[in-house]
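# Commentary on secondary and tertiary structure
If you want the building blocks of each chain, they are given just below.
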Amino acid sequence: MNTILFRKYVPFVALLGLGLTACQPDLEDDFKASAGTADFSRYIAVGNSLTAGYSDNGLYLEGQQSSYPNLLAMQFKQVGGGDFVQPLFKAANGSGYLTITGFNADGTPQINPEAKDNNGTYVAPGQFATGRAYTAAGVPLLERYGATDNQNLGVPGIRIADITTASYGRLTGTSNPLTFNSYFERLLPSATDTRSYLDYVKSQVSAVNPTFFTNWLGNNDVLGFASTGGTGAPLTAVPEFTTKYGQMLDALTTGGAKGLVATIPNVTNVPLFTTVPTAAVIAQVSATPIPPALVPVIANLLKLPAGSPLPSGTRFGLYIRTGAGTNREATANDLLLLPARGVINTPSTTSPFPNGIGLVIPNADAPTTAALAASANALASSLVLDAAETKAVVDRTTELNNVIMTAAKAKNLAVFDANAYFTSIARTGVITNGINNTAAFVSGNLFSLDGVHPTPRGYALVANEMIKVINATYGASVPQLNAAAYRGVEFP
Amino acid sequence: MNLKTLLLAGGALLSGTAASAGGYQVSLAGIKNNGMGGVGVGLSLDQAAMFYNPGALAMVRERGVQLGGNLTFARNAFVAEGSSTQRELRNSVVTPFSLFAGYGPAEGKFRAGIAVYTPFGSKLQYAEGWEGRTSLTDIDLKSVFVQPTFSYALTDQLSVGAGLVVLAYGAVNLQRDVPLPDSYGHIELDGKAKTKLGYNAGIFFKPSSKLTLGISYRSKIDAQVEDGDVTFTNISPTFASRFQATKFAATLPLPATTSLGIGLMPTEKLTFGVDINYVNWSAYRTLEFRFDQQINGSTVSSSKRFYQDAFTFRVGGQYKVTDAFTARIGGAYDNSPVKDGYVTPETPDADRISGTAGVSYAFGEHFSVDASTQFVSLKKRTQTAQDLQNNQTTDRVAGTYKTNIVIPGLGLNYTF
């Protein structure tokens, strides 16, 4: 009887099962991934810190793993892409990097270098703990990569201006930051390698024989100047940039590879330049009453008769240094760099005024105004990008971006307009699957603790934007990443 | 700038809360009706008339008890905008049920009865780590209505009826992930609805032995949760001070429905029904949660719904093959109350097309069994990130949803 029952009901049960299986809707045919006219089987990435996966003022394992080339390669794999080899650090800390280590009483985060030396004390990022770095001639060097199969050729700090510099990765007695780069040094097979970055790229191109490349160079040709308040490396001249950028694209396309280039974001949109609210700081300094105890000291400084009151309207002012021995009062058009936050209004050992502070007497005669400026404890020029410098940076960015777009057009390459994208992020932020992300420092999820380089989520968004452009240019359907699955700033 | 303002600037973490929504109406009261596309307002098939049109109850010949149960298998596919990865639900089964008991004198003009049914409900469990996790990870919405009903035949052709609709049991459990800068926390809202009263009423008209007409109305009930429990998990100690709420309150409208129905009986053996339902979904404007303490700086979380009133069209028929055996078939078209760009994961709603079939078999004079099955197909529906931006509904996720539902049901009838 059991058998009969069984035979009787099996078809029904099977039918029910079939019905339920058929019930599961399937959308996968609607969203089939495809490579279009591109071929992603061998991918090579050229660029600077952004390409290397630099984050939190350092290059470390997690950052490398969330570098946009690595994320792109992951997505390319779904449309025929092959393996992608990165020059990963064996030690997770890499070069060392910034972390939030605690909170001040007012709730602001305390940000410290993560790397510790053997004594447990902090060392500056870019310095290396014993046992994790090779030390040569007193200059700390990074753990050498050692292999030659590298496909992520990103070198933090490199400018287009640097790409033909010979021995850029060879430490000598005369090496300086403009002729030597320890991140490049670690990629080279030996300490005596004299190749320029361009030559290195050429040899990797012939070794890998890429079918697809990305090139995001150029940022440091303006950032180096901007991030030092105009005191560091000069802005790269347009003709030099044009020549060298062309040489790089020629090297990358020799084998007929297709690819994508990215423009240079206007760096003054990033938290390094936007976090300290200049106007508010000026207002706060100007409104601070002069303590009565200071009045005689100031009167003496102004060479006023003993006991006389200060001239009417005398107040504190925020001063910046614009050149050797030249100070002026700051205006709302000056961009105060992020590190200025930790300097302004801190006690000074060399001046009676706290750092950045001086005196202002409205409507005083020119000699008095000049004398007050000279006596002020002005902020170092490296902490301020003044209006003229800002304009120079923005103008040069536009010029260099025109060079990039013209060169890309000549070779029919995809262009990711990073400048337009980061400008829109600075204005409105971006929402990823219900999560708000903005360009705000620490809380915005997109920029790491150095205020310039993205977080893993920021890099994932960059990868997605590149994918959109690649899809549009090459008729491909490379799937995007779920950027919300990548973290913003790490909290303790 | 302190940590609090920093986090606030990052946007309210609880911006996109969730609750139930559009397709949370379940029209599965009578198993016979289920087999016929859900028609019933213009018919007087059995005791389930208490749900479809209490006015028709007085025209139901038999007195009796009937018990019905359904298994709802909802299967959903989601692909986020720009992705090619399909997300599927962690599959679950819900079991809407119904009980109808009607009694009245054999030759009298009135019938009284009691109905128990589950007109609103929803259960969805999304895949681990899916793209919409900050909108919703799990929802379980339940309601049980109890309805004492009285129906009176004014003439042989005209009867009226009304029921007192009691929201006897309502429960909601909503869960979602809370985005923190470097991880995801989790929030669970769990609450019971207060007992609430509403009514339904209907008129049934039988101008000839071949034609019947019905109209019915069921009032809106606001399902109201007070003192629901809020539980946080996986919130790292750094952020714990910002997630202090322990209680929540919320209100969810269970909208009013007006229905018109026609019955046609061309022969003794053949019955056709056509129904139109009109549901006042526009009552559902926003879903708002109020908390006893702040969650990331706010004690209120509000999310746009902006539903619109919607029609459902149903058609079905039955054929009495033998005295004991009846076969049924039907279909329905259901307009979604959810506007484009407003689709939420609690109700990944879209216009629906259903096909239904059913059978009954009578074992002797008093006892019969009904079986039905429905296949509901929700149209594929896409909303883009741009749509969400335009509607300021970015608290949900952009992508394409597609849902199919299979609902087998079984009913037992005892008549006397």
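For the structure, check the block above.
Residues numbered from 1 in each chain as written. Chains lettered and ligands numbered in written order. Predicted model: local features only at pLDDT ≥ 70, side-chain atom pairs only at ≥ 80, totals over all residues. Heavy atoms only, no water.

## Here's the deal with the overall build of chain B
- When its secondary structure is counted, chain B shows five helices and 23 strands.
- Within chain B, the proportion of its 416 residues that are buried is 57%.
- In chain B, 70% of the contacts between residues at least 6 apart in sequence involve partners at least 24 apart.
- With the model as given, the accessible surface of chain B reaches about 16000 Å², and the carbon-plus-sulfur share is 59%. (Helix = DSSP H or I, 4+ residues; strand = E, 2+ residues; numbered from the N terminus. Buried < 20%, exposed > 50% of the residue type's maximum accessible area, 1.4 Å probe, protein only. Contact = heavy atoms within 4.5 Å. Areas by Shrake-Rupley, 256 points an atom, 1.4 Å probe, with all protein chains shown as cover.)

## A closer look at the sheet that holds strand β1 (residues 43–47) of chain A
All names here are of chain A.
- Strand order across the open sheet formed by four strands is β1-β6-β7-β13, with parallel pairing between neighbours. Only two strands of the sheet have a single neighbouring strand rather than two, namely β1 and β13 (414–416). Each adjacent strand pair in this sheet contributes to an overall mean axis angle of 15 degrees, direction not counted.
- Pairing between strand β7 (residues 258–262) and β13: three bridges, direction parallel. Within β13, the residue paired with L260 across the bridge is A414.
- Of the strands in this sheet, β1, β6 (212–216) and β7 are in contact with helix α8 (residues 238–253), which crosses β6 at around 165 degrees. (Pairing = 2+ DSSP bridges. Axes fitted to C-alpha atoms, helices over the stretch in contact; angles between N-to-C directions.)

## Some remarks on the sheet that holds strand β9 (residues 326–329) of chain A
Residue and element names in this part refer to chain A.
- Pairing within the open sheet is antiparallel, and its three strands lie in the order β9-β8-β11. Since the sheet does not close on itself, it has two edges, and those belong to β9 and β11 (357–360), each with one partner. Across the sheet, the axes of successive neighbouring strands diverge by a mean angle of 55 degrees, strand direction being ignored.
- The pairing of strand β8 (residues 315–323) with β9 spans four bridges and is classified as antiparallel.

## Some details on the nonpolar core
Residue and element names in this part refer to chain A.
- Residues Y197, W216 and F416 are the most contacted members of the largest nonpolar core, which totals 167 residues.
- In terms of residue count, helix α15 (residues 456–474) provides more of this core than any other element does, 10 residues in total.
- Non-local contacts of Y197, meaning those with residues more than four positions away in its chain, are made with V46, G47, L153, G154, V155, I158, I163, T165, F184, L217 and M248. (Core = buried A, V, L, I, M, F, W, Y, C linked by side-chain atoms within 4.5 Å.)

## What about the interface of chain B and chain A?
- The interface is formed by 43 residues belonging to chain B together with 39 residues belonging to chain A.
- Both faces considered, chain B and chain A share a buried interface measuring about 3300 Å² in area, 57% of it formed by carbon and sulfur atoms.
- Among the residues of chain B in contact with chain A, S84(B), P181(B) and D182(B) are the three that bury the most area, contributing 17% of the side total.
- For the interface between chain B and chain A, the tally reads one salt bridge.
- A salt bridge links K380(B) to D30(A), with the nearest nitrogen and oxygen atoms 2.2 Å apart.
- In this assembly, chain B and chain A are joined by 12 residue pairs in polar contact (both at pLDDT 80 or more).
- Breaking the side of chain B that touches chain A down by element, the ones donating at least two residues are α1 (3–9), β2 (72–80), β3 (86–88), α4 (237–240), β22 (367–383) and β23 (399–415) of chain B. (Buried area = accessible area lost by both parts, 1.4 Å probe. Salt bridge = Lys/Arg side-chain N within 4 Å of Asp/Glu carboxyl O. Polar contact = N/O pair within 3.5 Å; in protein donor to acceptor, adjacent residues only side chain to side chain.)

## Some points on the pairing of strand β8 (residues 138–153) of chain B
All names here are of chain B.
- Here eight bridges tie strand β6 (residues 110–117) to β8, and the two strands are oriented antiparallel to one another. The residue of β8 that forms the bridge with A115 is Q147.
- Relative to β8, strand β7 (residues 121–125) runs antiparallel, the two sharing five bridges. Residue G121 lies in a different strand from β8, and its bridge partner there is K142.
- As paired elements, β8 and strand β9 (residues 158–179) share 14 bridges and run antiparallel to each other. Along β9, the bridge assignment pairs T149 with G163.

## Observations concerning the pairing of β6(A)
Residues and elements named next belong to chain A.
- Counting buried positions along β6 yields five of five residues, so the element is predominantly enclosed.
- Judged by which residues are buried, β6 turns out to be covered on both faces: F212, T214 and W216 on one side and F213 and N215 on the other are all buried.
- Pairing of β1 with β6, which is carried by five bridges, proceeds in the parallel orientation. Of the residues in β6, the one forming a bridge with V46 is N215.
- Where β6 and β7 come together, four bridges link them in parallel fashion. What sits directly across from T214, in β7, is L260.

## Side note on the pattern of salt bridges
- Evaluation of the coordinates by the stated rule reveals 29 salt bridges over all chains.
- We note a salt bridge from D29(A) to K32(A), for which the minimum N-O separation is 3.0 Å.
- Using a relative accessible area of 60% as the deciding quantity, one classes D29(A) as exposed.
- Between K194(B) and E226(B) there is a salt bridge, with the nearest N and O atoms lying 3.5 Å from each other. Here K194(B), found in the loop between β10 (184–192) and β11 (196–208), pairs with E226(B), found in strand β13 (residues 221–233); they are 32 residues apart in sequence, far enough to count as distant.
- Relative accessible area serves as the criterion here: at 36%, K194(B) is assigned to the partly exposed category.
- Ionic contacts of the salt-bridge type, sharing partners, join the residues E62(A), R487(A) and E490(A) into one network.

## So, helix α4 (residues 68–76) of chain A
All names here are of chain A.
- Counted residue by residue, α4 has eight buried out of nine residues, so it is predominantly covered.
- Y68, P69, N70, L71, L72, A73, Q75 and F76 are the residues of α4 that are buried.
- Elements in contact with the buried residues of α4: β1, α2 (49–52), α3 (61–65), β6 and α15.

## A look at the packing of α4(A) against α15(A)
All names here are of chain A.
- Relative to each other, α4 and α15 sit at 50 degrees, their axes nearing to 9 Å. Between α4 and α15, the crossing angle belongs to the class labelled oblique. Relative to α15, α4 is oriented so that their crossing is right-handed. Here Y68, L71, L72, Q75 and F76 of α4 lie close against α15, whose contacting residues are Y459, A460, V462, A463, M466, I467 and I470. (Parallel < 35°, antiparallel > 145°, perpendicular 65-115°, else oblique. Left-handed = near helix turned anticlockwise from the far one by under 90°.)

## Quick word on a nonpolar patch on the surface
Residue and element names in this part refer to chain B.
- Together, V65, L67, L99, Y103, Y361, F363, F367, L412, Y414 and F416 make up a nonpolar patch on the protein surface, roughly 930 Å² of accessible area in all.
- Elements with a contribution of two residues or more to the nonpolar patch: β1 (64–70), β5 (97–103), β21 (352–363) and β23.
- With respect to the secondary-structure elements, Y103 resides in strand β5. (Patch = residues over 30% accessible without salt bridge, like charges linked within 9 Å, V, L, I, M, F, W, Y side chains within 5 Å.)

## Regarding the packing of aromatic side chains
Residue and element names in this part refer to chain A.
- In the structure shown here, the tally under the stated rule is 42 aromatic pairs over all chains.
- With 6.4 Å between their ring centres and 35 degrees between their planes, Y197 and Y200 make a pair best called tilted. Highlighted residues: Y197 and Y200, both in helix α6 (residues 197–208), separated by three residues, approximately one helical turn. Here Y197 and Y200 have matching classes, each one buried. (Phe/Tyr/Trp six-rings, centres within 6.5 Å; stacked < 30°, edge-to-face > 60°.)

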